[in-house]
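# Close look at the chain arrangement
The residues making up each chain are set out below.
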Amino acid sequence: MEFKTIIEPFKIKMVEPIKMTTHEARKAFLEQAHYNPFLLKSEQVMIDLLTDSGTSAMSSNQWAGIMMGDESYAGAKSWERMDVAIHSLTGLEYVFPTHQGRAAERILYSYLGGKGKTFISNTHFDTTRANIEFSGAEAIDIPIAEGLNPSLIHPFKGNMDLQKLENLIKQKGAKNIAGVILTVTNNSGGGQPVSMDNAKSISRICKKYKVRFFLDCCRIAENSYFIKHRERGFEKYTYKEIAQEMFSLTDGAIMSAKKDGLVNMGGFLALKNKELADACKNLLIITEGFTTYGGLSGRDMEAIAIGLEEVFDANYLHYRIRSTAYLGEKLTKMGIPLIMPIGGHAVYIDAKTFYPQIPVNQYPGQTLVCELYLAGGIRSVEIGSVMFGKYDKKGVLIPASMELVRLAIPRRVYTQSHIEYVIEVFEKLLENRKYTKGYKIIEEPEFLRHFTAHFMPAS
Ligand code: F0G
């Protein structure tokens, strides 16, 4: 018999207290943080939905693995286990450990990038884009049109636009395309999955023009869940087999293991081609560490090897995807405009629709982020014009295509009652919705401004 309630498929063995705060205290904390929740101290936050990255709770098995960590500089047993786990998952020959995803990005994209080069993606994540642009190359996003329509229901809104891909390759010239990067699930586009069919077509196009095809696979297990349940022909596959099939289409993969690796730190770069791998190996040794530890300690590598197994567990994935959907479905019922359908690791709120009175240059997303913190001590992140906005020559804001707020759910960390509380806080926000005012930026760096920018209430 199927029950309606999906229980967390784990028991809690260790707890971390949450410091309770008052509305008054939070007002002062937010002002001190210049209205940028990235600048809050974590103890000032009650429910931290800033990111699902590096925030997972590890299993007892992983903690046991930590004690087994082999800290040898070269040839550590823990590296062997991590290498085997990644090799068996990806089928890719050359695997390099890195301290997190962006380190792998820096190595690969700085080598392949540079002036005159173009990278194409369904959507580049912010660190991916920053690494590419920092090298002098350009990064072009071509999600399918459905992916840009928040309320539209489509099973694979993370898909890449194949026609645009082929046109771009022709227009730029295949030799100038440094790589095609498929981000699964598409984080910046709403945590939406990519279908196997789309990945296969991209692979075919890339082969036709001899362009390299990479997977940004940090949420590949979650993507596999959606394929099994939404794409015909995959019903009988295991989640791991689905992931393996997707990797087999590519020339390489970058993973931030801080997501579906179920660890607090780590990542890797995996490649098919020896020449490219040799070039990356040099950069790895210069900037991350020797090839058998990258930027990691032995215990980290041990935890990654175990996490990459655990994440494909059917009960875990069912709980994971359904519990994110639970929050999304409740918010939708209350009339909160969300990206639909609900993504894998997060619920994305369409802040532009939620606060229609706030113009984009007063950042409706940042406003919602601040309101969530003030009302309930919840930390979330803006994925809109603060994160992706640019200025034209006259200094006028070129806004992002959407103004989103992401509630990212850390893996195995919060229980259903924490989520019920989040839902209640939204009820409060609905009461003040019409009277809420926006923010302006008063200080910002050149790259990745959302991390450190300072804001002020606009009025
Ligand atoms: N690619 C994607 C799709 C990501 O979501 C991230 C990180 C990275 C690459 C970079 O990995 O943080 O290990 O260096 N995303 C986090 C987030 C930060 O909150 O979504 P990293």
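Residues numbered from 1 in each chain as written. Predicted model: local features only at pLDDT ≥ 70, side-chain atom pairs only at ≥ 80, totals over all residues. Heavy atoms only, no water.

### Quick look at the packing of aromatic side chains
Summed over the entire model, instances satisfying the criterion amount to 13 aromatic pairs. For the ring pair Y109 and F119, a centre distance of 5.1 Å and an interplane angle of 65° mean the geometry is edge-to-face. In this pair, Y109 sits in helix 4 (residues 101-112) while F119 sits in strand 3 (residues 118-121), placing the two residues 10 residues apart along the sequence. In this structure F119 comes out as buried when scored by relative accessible area, which is 0%. A ring pair is formed by Y225 and Y239, whose centres lie 5.6 Å apart and whose planes are at 20°; its orientation type is stacked. Of this pair, Y225 sits in helix 8 (residues 220-230) while Y239 sits in helix 9 (residues 239-248), and the two are 14 residues apart along the sequence. The two residues Y225 and Y239 agree in class, both being buried. One aromatic cluster is present, formed by F10, Y316 and Y319 through successive ring pairs. (Phe/Tyr/Trp six-rings, centres within 6.5 Å; stacked < 30°, edge-to-face > 60°. Helix = DSSP H or I, 4+ residues; strand = E, 2+ residues; numbered from the N terminus. Buried < 20%, exposed > 50% of the residue type's maximum accessible area, 1.4 Å probe, protein only.)

### Re the domain arrangement of the protein
Here the protein is partitioned into domain 1 (23-52 + 314-457) and domain 2 (60-310). Inter-centroid distance (C-alpha atoms) of domain 1 to domain 2 is 26 Å. Between domain 1 and domain 2, the residue contacts involve 32 residues of the former and 34 residues of the latter. Between domain 1 and domain 2 the total buried area reaches about 2,700 Å² when both faces are included, carbon and sulfur atoms providing 62% of it. For the pair domain 1 and domain 2, the interface holds six salt bridges. With a closest N to O distance of 2.8 Å, R320 and E222 form a salt bridge. Our count for the contact surface shared by domain 1 and domain 2 stands at 17 residue pairs in polar contact (both at pLDDT 80 or more). Those elements that place two or more of their residues in the side of domain 1 that touches domain 2 are helix 12 (314-333), strand 9 (346-350), helix 15 (385-388) and strand 14 (404-408). (Domains from an automatic or database assignment. Contact = heavy atoms within 4.5 Å. Buried area = accessible area lost by both parts, 1.4 Å probe. Salt bridge = Lys/Arg side-chain N within 4 Å of Asp/Glu carboxyl O. Polar contact = N/O pair within 3.5 Å; in protein donor to acceptor, adjacent residues only side chain to side chain.)

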